[in-house]
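Chains, contacts and geometry: an overview
Chain by chain, the residues:
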Amino acid sequence: MEGQQQIIDKTVAYVRQELAEAEGGHDWWHIYRVWKQAKHISKSENVNMLVVELGALLHDIADSKFNGGDEEVGPAKAVAFMRSLGLPEEVITHVENIVRYISFKGGHNENGFYSPELGVVQDADRLDAIGAIGIARAFNYGGFKNRALYDPEIAPVLNRSKEDYKHNTAPTINHFYEKLLLLKDKMNTATGKQLAQQRHAFMEQYLDQFYAEFEGDR
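Anyway, here's the lowdown on the structure attached to this text. Along each chain, the written sequence defines residue order, and numbers are assigned to residues from 1. For this predicted model, a pLDDT threshold of at least 70 governs which residues receive local features, and a threshold of 80 or more governs which side-chain atom pairs are given and counted, while totals over whole chains, interfaces and linings are taken from all residues. Excluded from the side-chain calculations are hydrogens and water; all other atoms, namely the structure's heavy atoms, are used.

**Description of the overall build of the protein chain**
When its secondary structure is counted, the protein chain shows 10 helices and 0 strands. Numbering of helices and strands runs from the N terminus; a helix is a DSSP stretch of H or I covering at least four residues, while a strand is a stretch of E covering at least two. Tracing the protein chain from N to C terminus, the helices and strands come up as α-α-α-α-α-α-α-α-α-α. Counting only residues that meet the buried cut, the protein chain has 48% of its 218 residues in that class. Within the protein chain, counting contacts between residues at least 6 apart in sequence, those at least 24 apart form 65% of the total. Here, Shrake-Rupley sampling with a 1.4 Å probe gives the accessible areas, and only protein chains in the shown set may cover a residue. Total accessible area on the protein chain is roughly 10,800 Å²; 48% of this is exposed by carbon and sulfur atoms. Only protein chains enter the accessibility calculation, which uses a 1.4 Å probe. A residue is then buried if its area is under 20% of the maximum for its type, exposed if over 50%, and partly exposed in between. By definition, residues are in contact when any of their heavy atoms lie within 4.5 Å.

Shown next as structure tokens:
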């Protein structure tokens, strides 16, 4: 097996190539932010850094949202790539489980697998879904799917089923209530919880401003 830095460098090159044409909220720069954030969170956690870095870099290599809802494409691509590098099977299996179980999926992906490494990568991914970046990503994806910004006649639906969540076409503002505002209380690590507080508060302030502007009050 090659040295850890060579493995990471090859993974970065592979991911950048694979996501070169990706939607702006799930592109290489999303991966980059999650990777950097995961390394930051790991400073306070007892984790296998190779697994954390590979998990962060490969977690969205083939998001099911862009693959007809197929949740097996991402794990399969991650495994095939890691095997091409000759990585140990225990590392491959661990990273595969991170890719498989990291997503929110309407809050229905909580009980399949957990490890401290998953906790770190999941927190990093969830932090990128909230705050200023999270707002930008939500509206970018909403535009990509041609969704309304906001419709006061369409209320958010909490506790959607997994399938309903996957096929949701509601306005982007609803997504704040159906996912983004819920993430603060789903963080795994002390660092993740701390960072989520400020980003959550920023989203609440943004929504107050949004509604005021929508009604012409500001």
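**Section: the pattern of salt bridges**
One speaks of a salt bridge when a side-chain nitrogen belonging to Lys or Arg is within 4 Å of a carboxyl oxygen belonging to Asp or Glu. In total, this model carries 7 salt bridges according to the counting rule given. With a shortest N-O distance of 3.0 Å, Arg 83 and Glu 89 are connected by a salt bridge. Assessed through its relative accessible area of 40%, Glu 89 is described here as partly exposed. As a salt-bridge pair, Arg 100 and Glu 96 come within 3.1 Å of each other at their nearest N and O atoms. Linking Arg 100 with Glu 96, this pair stays in helix α5 (residues 89–101), spanning 4 residues, or about one helical turn. On the accessibility criterion, Glu 96 (22% relative accessible area) is partly exposed. Overlapping salt bridges bring together Arg 33, Asp 128 and Arg 137 as one network.

**Looking at the side chain of His 26**
Structurally, His 26 can be placed in the loop between α1 (4–18) and α2 (28–42). Take His 26: its relative accessible area is 10%, and that puts it in the buried class. Think of a polar contact as two N or O atoms within 3.5 Å of one another; within protein, one of them needs to be a possible hydrogen donor and the other a possible acceptor, and neighboring residues in sequence only count if both atoms come from side chains. At a separation of 2.5 Å, a polar atom in the side chain of His 26 contacts the side chain of Glu 23.

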